[in-house]
Amino acid sequence: MSSALWLAVIASALGTLLMRLLPLLWMQRHLKRLGDDDLEAMPQWLGLLGPLMITAVFGVSLVPTRTDAISWIATLVGLLATLVVWRRTRTLGWPVAAGVAAYGAAVMLVAWGT
Amino acid sequence: MSLQTAASPTRPWLTGAHEALPLLGGYVPVAISFGLVATQAGFSAWEAVLISTLIYAGASQFLFVGMVAAGAPLWLVVVMTLLINLRHVVYAPNLAPWLPPSRGWPWLMHGLTDQVFALAHARLPQLPASQRLGWFVGVALLAWASWIAGTAFGAVAGGELITRWALMGEILPFALPALFLVLIAPRFTSRRWSLALGLTTLIALLLTVLGLTNLAIPLAAACGALCFQVVKFDPTAPGERHE
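Think of each chain on its own: its residues are numbered from 1, step by step along the sequence as written. Here chains are named by letter from A upward and ligands by number from 1 upward, in the order in which they appear as written. Thresholds applied to this predicted model are a pLDDT of at least 70 for local features of residues and 80 or more for the giving and counting of side-chain atom pairs; totals over whole chains, interfaces and linings are not thresholded and use all residues. As a rule here, side-chain values cover all heavy atoms of the structure and leave hydrogens and water aside.

As annotated in an unreviewed UniProt entry, chain B carries the name 4-azaleucine resistance probable transporter AzlC and is attributed to Halomonas korlensis. Quoted verbatim from the Subcellular location (unreviewed entry) field of the UniProt record, the comment on chain B reads "Cell membrane". According to its UniProt record, chain B has this under Sequence similarities (unreviewed entry): "Belongs to the AzlC family." UniProt positions are given in the numbering used here, feature names are shortened, and annotations may be inferred rather than shown by experiment.

Per an unreviewed UniProt entry, the recorded name for chain A is Branched-chain amino acid transport protein (AzlD), and the organism is Halomonas korlensis.

Shown next, in the form of structure tokens:
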């Protein structure tokens, strides 16, 4: 890799780190200035945007690797299994395991049947 | 791995690492793909691993090696990489109220990916302040290590791995949407929130299907926020418990 390419890697890495880091320092200063370390001190738009960004990442991640009918059906089956187990257990690990298992079972069943 | 319980008081980092395990289902296959794509684009295995170690941001890394391989000007490669990662600016401020004072936090922000943010946003408020740093270290380090290790695997043996374990590579990434669903499900507390969250999901999904993955996250979140601000339901109506 040429030195120019290394510089591009370092600039991208540093820029990404600063985008993750500087807003933290700004917010910490903001909270300190208000002398209030709780959610009341957080701008309302920011508190709204956090959960919505996670939801948007969820929407993006829903698109399967192969966008055929089998994968979409398996996605629905997997989501349903995840939701059912989450409602019963209210845990983090079991619903994910159940969702992956159901998704895998659906993919393999359909692949086996065709 | 309960959403309600605290971390182990003596080893919160272990609880963090344990709770980050579902992330690996999504990270490792994508990291293997990146290692493979990077070597196919002319980067050596070490270079691919270093890119994953230093930049550590999935989509932008694929763009980086793709643009370099296509001969794009390097300044444009950097600008595009940073533009894709711009969404990260809202993550840390959302976590700030739950981060107890420590000099370690600025360094740990290197590990604040989409997935780590989603997990931390749900879990940090539930943990005692004394356990949050350790918990975050466990989550961030395991996720980072899996991304680096996956890249190395992909760069060295990606072609063979993908041929032999094609179905696993297709199934394991479902861990990510399953995890995100568990993290956002408790937020469907009112019709107003449900509408905003549903709309955000739908827009992000549609934009991704249309091939606009990088635009999908900020645009869908902005539409969801607009919907939340504009649409207001009668608070006395059934289903409007609290917001």
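There's more to say after this.
Asks: Can you help me understand the UniProt feature "transmembrane region" (unreviewed entry) in chain B in this one?
Replies: When the UniProt feature table is mapped onto this chain numbering, "transmembrane region" (unreviewed entry) sits at residues 27–50, 62–84, 133–156, 162–183 and 195–217 of chain B. Put simply, DSSP marks the helices as runs of H or I at least four residues long and the strands as runs of E at least two long, and each gets a number from the N terminus on. Between the first and last C-alpha atoms of residues 62–84 of chain B the distance is 11 Å; the span itself is 83% helix and 0% strand.

Asks: Is there a simple way to explain empty space enclosed by the protein in this structure?
Replies: By rolling a water-sized probe across the atoms, one finds the places where empty space is left. Using only the protein atoms, space was sampled on a 1 Å grid; points where a 1.4 Å probe fits but cannot get out form cavities, open sets with protein on both sides within 12 Å along at least five of seven lines form pockets, and lining residues are those with an atom within 4 Å of a point. Grid points are joined across faces, edges and corners, and a volume is the space filled by probe spheres set on the points. Evaluation of the coordinates by the stated rule reveals one cavity of 30 Å³ or more. Roughly 40 Å³ of volume is contained in the largest cavity. In terms of lining, the largest cavity is formed by A:Ile54, B:Ala118, B:His121, B:Ala122, B:Leu183, B:Ile184 and B:Arg187. It is helix H8 (residues 114–123) of chain B that contributes the most residues to the lining of the largest cavity, three residues altogether. Residue classes in the lining of the largest cavity are distributed as five nonpolar, one polar and one charged. Here the nonpolar group is Ala, Val, Leu, Ile, Met, Phe, Trp, Tyr, Cys and Pro; Asp, Glu, Lys and Arg are the charged ones; every other residue, Gly included, is treated as polar.

Asks: Please explain the domain arrangement of chain A as it appears in this structure.
Replies: The parts lose accessible area when they come together, and the size of an interface is often stated as this lost area. Parsing chain A into structural domains produces domain 1 (1–61) and domain 2 (64–114). Here the limits of each domain have been adopted from an automatic or database domain assignment. Averaged C-alpha coordinates put domain 1 of chain A and domain 2 of chain A at centres separated by 32 Å.

Asks: When you look at the pattern of salt bridges in this model, what are you seeing that I'm missing?
Replies: As a working rule, side chains carrying opposite charge can pair if their charged atoms are close by. One speaks of a salt bridge when a side-chain nitrogen belonging to Lys or Arg is within 4 Å of a carboxyl oxygen belonging to Asp or Glu. Inspection of the entire model under this criterion finds three salt bridges over all chains. Here A:Arg66 makes a salt bridge to A:Asp68, at a shortest N to O gap of 3.5 Å. Each residue is assigned to one of three classes by its accessible area relative to the maximum for its type, calculated with a 1.4 Å probe on protein chains only: buried under 20%, partly exposed between the two thresholds, exposed over 50%. A relative accessible area of 24% means that A:Asp68 is categorised as partly exposed. The residue B:Arg87 makes a salt bridge to B:Asp114 at a minimum N-O spacing of 2.7 Å. Of this pair, B:Arg87 sits in the loop between helix H5 (74–84) and helix H6 (91–95) while B:Asp114 sits in helix H8, placing them 27 residues apart in sequence. Note on B:Asp114: relative accessible area 10%, which makes it buried.

Asks: Is there a simple way to think about the state of the cysteines in this case?
Replies: Covalent bonding between the sulfur atoms of two cysteines defines a disulfide. Residues and elements named next belong to chain B. Note on disulfides: each one is a pair of cysteine sulfur atoms within 2.5 Å. For the structure on display, the rule yields zero disulfides over all chains. Between Cys 223, a free cysteine, and Cys 227, which holds the nearest cysteine sulfur, the sulfur-to-sulfur gap is 9.2 Å. Cys 223 sits in the partly exposed class, given a relative accessible area of 27%.

Asks: Explain the packing of helix H2 (residues 44–61) of chain A against helix H13 (residues 213–230) of chain B to me, please; I cannot follow it from the model alone.
Replies: Any two packed helices are characterised by the angle at which their axes cross and by the distance between the axes. As a rule, the C-alpha atoms of each element are fitted with a line to give its axis, helices using only the stretch in contact, and angles between N-to-C directions run from 0 to 180 degrees. At a closest axis distance of 8 Å, the pairing of H2(A) and H13(B) adopts a crossing angle of 130°. Classified by the angle between their axes, H2(A) and H13(B) sit oblique to one another. When you trace H2(A) past H13(B), the crossing you get is right-handed. Residues A:Gln44, A:Leu48, A:Leu49, A:Leu52, A:Met53, A:Ala56, A:Val57 and A:Val60 of H2(A) form the contact with H13(B), whose participating residues are B:Thr213, B:Ala216, B:Ile217, B:Ala220, B:Ala221, B:Gly224, B:Ala225, B:Phe228 and B:Gln229. A per-class count over the contact of H2(A) with H13(B) returns 13 nonpolar, four polar and no charged. Here the word oblique covers every angle except those under 35 degrees (roughly parallel), over 145 (roughly antiparallel) and from 65 to 115 (roughly perpendicular). With the far helix as reference, a near helix turned anticlockwise by less than a right angle produces a left-handed crossing, and one turned clockwise produces a right-handed crossing. For this analysis, residues touch if any pair of their heavy atoms sits within 4.5 Å.

Asks: Before we go on, may I ask you to explain the nonpolar core in this structure?
Replies: A general tendency of soluble globular proteins is for nonpolar side chains to be buried together. Counting residues in each nonpolar core, the largest one holds 81 residues, and the members touching the most others are B:Met109, B:Leu112, B:Leu119 and B:Phe136. Looking at this core element by element, the count peaks at ten residues for H2(A). Look past the residues within four positions of B:Phe136 in its chain and what remains in contact with it is B:Leu95, B:Trp105, B:Leu108, B:Met109, B:Leu112, B:Val116 and B:Ala120. Counting 18 residues, the second largest nonpolar core, distinct from the first, contains B:Ile51, B:Ile55, B:Phe64 and B:Val78. Nonpolar cores are built from buried Ala, Val, Leu, Ile, Met, Phe, Trp, Tyr and Cys residues. Side-chain atoms within 4.5 Å join them into one set.

Asks: What is the right way to read the UniProt feature "transmembrane region" (unreviewed entry) in chain A from this model?
Replies: All names here are of chain A. In the numbering adopted here, UniProt assigns the feature "transmembrane region" (unreviewed entry) to residues 6–25, 45–63, 69–86 and 93–112. Between the C-alpha atoms that bound residues 6–25 the distance is 28 Å, and the span itself is 100% helix and 0% strand. A distance of 28 Å separates the end C-alpha atoms of residues 93–112, which is 100% helix and 0% strand.

Asks: Just checking my understanding: could you explain the confidence of the model for chain A for this structure?
Replies: Any segment with low pLDDT has predicted coordinates that should not be analysed in fine detail. Each residue gets a pLDDT score, which is the predictor's confidence in that residue and runs from 0 to 100. Per-residue confidence for chain A averages 86 on the pLDDT scale, and 93% of its residues sit at or above 70. Highest mean pLDDT in chain A belongs to helix H3 (residues 69–89) of chain A (93); lowest belongs to H2(A) (83).

Asks: Hey, could you run me through the packing of helix H4 (residues 93–113) of chain A against helix H11 (residues 175–184) of chain B in this one?
Replies: For the pair H4(A) and H11(B), the least separation of the axes is 9 Å and the interaxial angle reads 140°. As the angle between them shows, H4(A) and H11(B) are arranged oblique. Where H4(A) crosses over H11(B), the handedness of that crossing is right-handed. Two secondary-structure elements touch here, H4(A) through A:Pro95, A:Val96 and A:Val100 and H11(B) through B:Ala175, B:Ala178, B:Leu179 and B:Val182.

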